Amino acid sequence: MYFYRIVDLFGKILVTAALVATVLFLTLPVITTIMISFDPRAYLAYLPPPGFSLRWYESFLRNPNFTNGLRTSLIVGGVSTLISTVVGIFASYGLVRYKFRGKETLNSFFLSPLIVPAVVTGFSLLGLFSLLGVRISLERLLIAHVIITAPYTIRTISATLIGFDRSLEEAAMSLGANRVRTFLDVTIPMIKFGVVAGAVFAFAMSLDDVSVSIFLADAFSSTLSVNLFAYMRSTFEPTVAAASVLLMGFTFGFILLIERAMGLDKFVGIGI
Amino acid sequence: MSLDTDESSGRRWLALFLAPAALVFVFLYLGALCLLFVQSLQIYNPGRIVQISGSLTLQNYIEYFGRTLVYYGFLWDTLRIGGIATVISVLIAYPLAYKITRTQRRLLKKTLLTVLVTSFFINSIVKVYSWVIMLADTGLVNGALASLGYDRIRFLGTDLAVAIGLVYFLFPIATMALVGPINNVDQTLEQAAANLGAANTKAFFDITLPLSMPGIIASTLLTYALAVSSFIAPMFLGSGIAPMMSNIIYLRYSETFNYPGGSALAVVLLVTSLSIAYGLNKVLTKRLKGFG
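Keep in mind the model is a prediction, meaning the values are calculated, not measured.

Each value, and the rule that gives it
Residues numbered from 1 in each chain as written. Chains lettered and ligands numbered in written order. Predicted model: local features only at pLDDT ≥ 70, side-chain atom pairs only at ≥ 80, totals over all residues. Heavy atoms only, no water. Helix = DSSP H or I, 4+ residues; strand = E, 2+ residues; numbered from the N terminus. Contact = heavy atoms within 4.5 Å. Areas by Shrake-Rupley, 256 points an atom, 1.4 Å probe, with all protein chains shown as cover. Lys, Arg positive; Asp, Glu negative; His and termini not counted. Charge placed at Lys NZ, Arg CZ, Asp CG, Glu CD. Patch = residues over 30% accessible without salt bridge, like charges linked within 9 Å, V, L, I, M, F, W, Y side chains within 5 Å. Salt bridge = Lys/Arg side-chain N within 4 Å of Asp/Glu carboxyl O. Buried < 20%, exposed > 50% of the residue type's maximum accessible area, 1.4 Å probe, protein only. Buried area = accessible area lost by both parts, 1.4 Å probe. Polar contact = N/O pair within 3.5 Å; in protein donor to acceptor, adjacent residues only side chain to side chain. Expected span 1.5 Å × (residues − 1). Axes fitted to C-alpha atoms, helices over the stretch in contact; angles between N-to-C directions. Parallel < 35°, antiparallel > 145°, perpendicular 65-115°, else oblique. Nonpolar A, V, L, I, M, F, W, Y, C, P; charged D, E, K, R; others polar. pLDDT = per-residue confidence, 0-100. Phe/Tyr/Trp six-rings, centres within 6.5 Å; stacked < 30°, edge-to-face > 60°. Lys NZ or Arg CZ within 6 Å of the ring centre and 35° of its normal.

**Some remarks on the overall build of chain B**
Each helix and strand counted, chain B has 13 helices and zero strands in total. By its C-alpha atoms, chain B is 80 × 75 × 30 Å across when sized along the principal axes. Excluding contacts between residues fewer than 6 apart, the proportion of contacts in chain B whose partners are at least 24 apart in sequence is 67%. Counting only carbon and sulfur atoms, one obtains 66% of the accessible surface of chain B, whose full area is about 13200 Å². Here chain B contributes 20 positively and 12 negatively charged side chains, and the mean placements of these two sets differ by 4 Å.

What follows is the structure in structure tokens.
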């Protein structure tokens, strides 16, 4: 038995060390970025910074590429999330509550933008929009973002819907409620937290996207992430760090909302 | 089936529910992917993006994959670096996923979950920028090396930097894909083995690890399918020296605006990642059969 205890002790130490290393690996780079964003020096240099400065935040706010990009990101993210959420509610309801042939195929098809390389999605949509004559970049971005965010709303809402059996809906209908009333008064309240989590997920992915949008944006409408990508192709100066801290603010907002809506453990359990 | 008392009215409702998503995905998405395939068989005609001509040719594929070995090199680099990053991601994902599902301490569980979800939701630009400044010549890692008296190492532009960046992007996804399967392994089996005198470590290797193997394979394949389509991390951490297929498609297109040529490369990448995903699907259905 002694032998087992020693083995277990080593196992425990190993797992703990791995976890500590993992958490450091995940957090250190981000902490470095936060420090750099307050660095008064005009170049990337060894840390820690010798002083404190808000110059990079000022530089971010003075650059119309970034402020306009942020505005476009919020518009594209907001509108495409709204559309994806409605599309997602309907599609999930059809996929979860009905039996029909080809259901699995349709389901994997709706989730396929998660697996298709994002650059391929963006590149193929560029061709389609060019063929159809969709020339306004805001429209192109909106349609593309519905395609890339709908899988997230469909997945999250489906997972929530599976958790509730249909007996409540059946009860409402046997008491005389019609289908629309049942849907609005019973189904929607049941799944509303899943809907919120799915919408947050969709908005986060829209804000994050570069690989698809980069083919569809132009000088008139381009998202913040795409503009930061373009900026980083010429320089890594700390204005990007200031933008990163702003984007991290969004990230924490998303996590707070998801925690309130469905709890992080449930969210992680759904997977990607 | 009291929801569908009338079969044909049920069908009508179903059609209505699925119509919006079907419209978006069939007409726009499938349409775009089919057009991409057709475009990859067209001859490039400068001045326009989409080519309209009746004749189809394999010329684009021959140009990239028939005359030179360069693009096989890019494809191989993509599969190789993506593969290394995938293996590392899953290896470090497992202990975290295991701890999240098994720990009894609520604070620890909450902390680990928060770190995991945060690292998933951190914006890609933030992720890649953070690693650029970590690995830059005057970055944190080189600063630490210098203060310890070692020479500086040039990271940016190496496969190592790209692989580290990819792990940072993929690791949260690998973990999230593992949490469900590990959670589903019956904990009483582990406890029974431990009660019968096996060390916890032995119980883990005899019971939990084999039973969560389908989950590990599924997580690996999902991670790999996403790894081969990486774009942002190789773009900056590879400094254009170690680019992967997605970068090649973007860079070649933004230089030449040759849409049919880009389409051929895009089709190759698409087939690559869909083959991996097809393997994933096979594993998942086999698992359902095995346990159902």
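**Structural notes on a nonpolar patch on the surface**
All names here are of chain A. On the surface, a nonpolar cluster with roughly 330 Å² of combined accessible area is contributed by Ile75, Val79, Leu82 and Ile83. If you trace the backbone, leucine 82 turns up in helix 3 (residues 64-97). Overall, the relative accessible area of 61% leaves leucine 82 in the exposed class.

**What to know about the interface of chain B and chain A**
If you look at the interface, chain B gives 96 residues, while chain A gives 95 residues. Together, the buried faces of chain B and chain A total about 8800 Å²; carbon and sulfur atoms form 79% of this surface. One can count one salt bridge joining chain B with chain A. Measuring nitrogen to oxygen at the nearest pair gives 3.0 Å for the salt bridge that ties A:Glu259 to B:Lys110. Viewed at the interface, chain A and chain B are joined by ten residue pairs in polar contact (both at pLDDT 80 or more). Residue contributions to the side of chain B that touches chain A peak at 21 residues, all from helix 1 (residues 7-39) of chain B.

**Focus: the pattern of salt bridges**
Taken as a whole and assessed by the stated rule, the structure comprises eleven salt bridges over all chains. Across the pair A:Arg97 and A:Glu169 runs a salt bridge whose closest N-O atoms are separated by 2.8 Å. In this pair, A:Arg97 sits in helix 3 while A:Glu169 sits in helix 7 (residues 167-174), placing the two residues 72 residues apart along the sequence. You can call A:Arg97 buried: its relative accessible area is 5%. The network of salt bridges with common partners includes B:Asp77, B:Arg80 and B:Asp159.

**Points about the environment of A:Ile148**
Residues and elements named next belong to chain A. Tracing the backbone through its elements, the reader meets isoleucine 148 in helix 6 (residues 137-163). Distance in space between the C-alpha atoms of isoleucine 148 and alanine 118 is 8.5 Å, their sequence separation being 30 residues. Once you skip the residues sitting within four places of it in the chain, isoleucine 148 turns out to touch Thr121, Asp209 and Val212.

**Side note on helix 5 (residues 118-132) of chain A**
The first and last C-alpha atoms of helix 5 of chain A sit 21 Å apart over 15 residues, in line with the 21 Å expected at 1.5 Å per residue. In terms of burial, helix 5 of chain A is a largely internal element, eleven of the 15 residues being buried.

**Some thoughts on the packing of helix 3 (residues 70-102) of chain B against helix 12 (residues 245-256) of chain B**
Residues and elements named next belong to chain B. Viewed as axis vectors pointing N to C, helix 3 and helix 12 meet at an angle of 135°, and their least axial separation amounts to 8 Å. As the angle between them shows, helix 3 and helix 12 are arranged oblique. Judged by residue contacts, Tyr71, Phe74, Leu75 and Thr78 of helix 3 engage Met245, Ile248 and Arg252 from helix 12. Of the residues belonging to the contact of helix 3 with helix 12, the class tally is five nonpolar, one polar and one charged.

**Thoughts on the side chain of B:Thr118**
Looking at where B:Thr118 falls in the secondary structure, it is placed in helix 4 (residues 106-121). In this structure, B:Thr118 is in contact with A:Thr251, A:Phe252 and A:Ile255, ignoring residues within four places of it in sequence.

**Here we look at unusual backbone geometry**
Residue and element names in this part refer to chain B. One non-glycine residue with positive phi stands out, namely phenylalanine 257, at about 55°. When you line up the elements, phenylalanine 257 lands in the loop between helix 12 and helix 13 (259-291). For phenylalanine 257, a relative accessible area of 49% corresponds to the partly exposed category.

**Topic: the confidence of the model for chain B**
Of the residues in chain B, 95% have a pLDDT of 70 or more, and the chain-wide mean is 87. Across the whole predicted complex the pTM is 0.91, and at the interface the ipTM reaches 0.91.

**Focus on the environment of A:Phe203**
Residue and element names in this part refer to chain A. Positionally, phenylalanine 203 belongs in helix 8 (residues 179-208). Overall, phenylalanine 203 belongs to the buried group, its relative accessible area being 16%. Sequence separation of phenylalanine 203 and valine 120 is 83 residues, and the distance between their C-alpha atoms is 21 Å. Ignoring any residue separated from it by four or fewer positions in sequence, one finds phenylalanine 203 in contact with Leu74, Gly77, Gly78, Thr81 and Phe254.

**Let's talk about the packing of aromatic side chains**
Scanning all chains against the criterion turns up 46 aromatic pairs over all chains. Between A:Phe201 and B:Phe120 the ring centres are 5.7 Å apart and the planes differ by 75°, which places this aromatic pair in the edge-to-face class. Highlighted residues: A:Phe201 in helix 8 and B:Phe120 in helix 4, drawn from two different chains. There is no split in this pair, since A:Phe201 and B:Phe120 are both buried. Pairing B:Tyr98 with B:Phe204 gives two aromatic rings, centres 5.2 Å apart and planes at 80°, and the pair type is edge-to-face. With B:Tyr98 in helix 3 and B:Phe204 in helix 9 (residues 200-211), the pair connects residues that are 106 residues apart, well separated along the chain. When its relative accessible area of 16% is taken as the criterion, B:Phe204 is described as buried. Taken together, A:Phe123, A:Phe215, A:Phe229, A:Phe236, B:Phe231, B:Phe236, B:Tyr250, B:Tyr253, B:Phe257 and B:Tyr259 form an aromatic cluster joined through their ring pairs. Here the guanidinium or amino end of B:Lys127 rests over the ring plane of B:Phe169, the centre of that ring lying 5.3 Å away.

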